[in-house]
Amino acid sequence: MQAVLSEGYRSVSLVFDLAADRILVPVAIFVALAGALVIGIEVSALLSPADPALYQL
C-alpha cells in the first residue's frame, strides 16, 4: 500500500512539474512584455520633443 501511494505521489508531482513549465513560460513572456511597455512609456515621456510645432508639416 505504501508503494502505491508513493508512486502515485511521484506521478502527480511529475504532472504538476510539466504543467508548471507550460504555464511559467507564457507568464514570464507576459511579464517581460508588460515591463517593456512600462519602460517604453516612461522613456517616451522623458524624451518628448521640446517644441511639437517642429514636427508638424
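Above this text you will find the structure in question.
Residues numbered from 1 in each chain as written. Predicted model: local features only at pLDDT ≥ 70, side-chain atom pairs only at ≥ 80, totals over all residues. Heavy atoms only, no water.

Glancing now at the overall build of the protein chain. The secondary structure content of the protein chain amounts to 1 helix and 0 strands. Out of the 57 residues belonging to the protein chain, those deemed buried represent 0%. Carbon and sulfur atoms form 75% of the exposed surface of the protein chain, whose accessible area is close to 5,500 Å². (Helix = DSSP H or I, 4+ residues; strand = E, 2+ residues; numbered from the N terminus. Buried < 20%, exposed > 50% of the residue type's maximum accessible area, 1.4 Å probe, protein only. Areas by Shrake-Rupley, 256 points an atom, 1.4 Å probe, with all protein chains shown as cover.)

On to a nonpolar patch on the surface. Together, Ile23, Val27, Phe30 and Val31 make up a nonpolar patch on the protein surface, roughly 420 Å² of accessible area in all. Among the secondary structure elements, valine 27 is positioned in helix α1 (residues 2–46). According to the relative accessible area criterion, valine 27 is partly exposed, its value standing at 44%. (Patch = residues over 30% accessible without salt bridge, like charges linked within 9 Å, V, L, I, M, F, W, Y side chains within 5 Å. Salt bridge = Lys/Arg side-chain N within 4 Å of Asp/Glu carboxyl O.)

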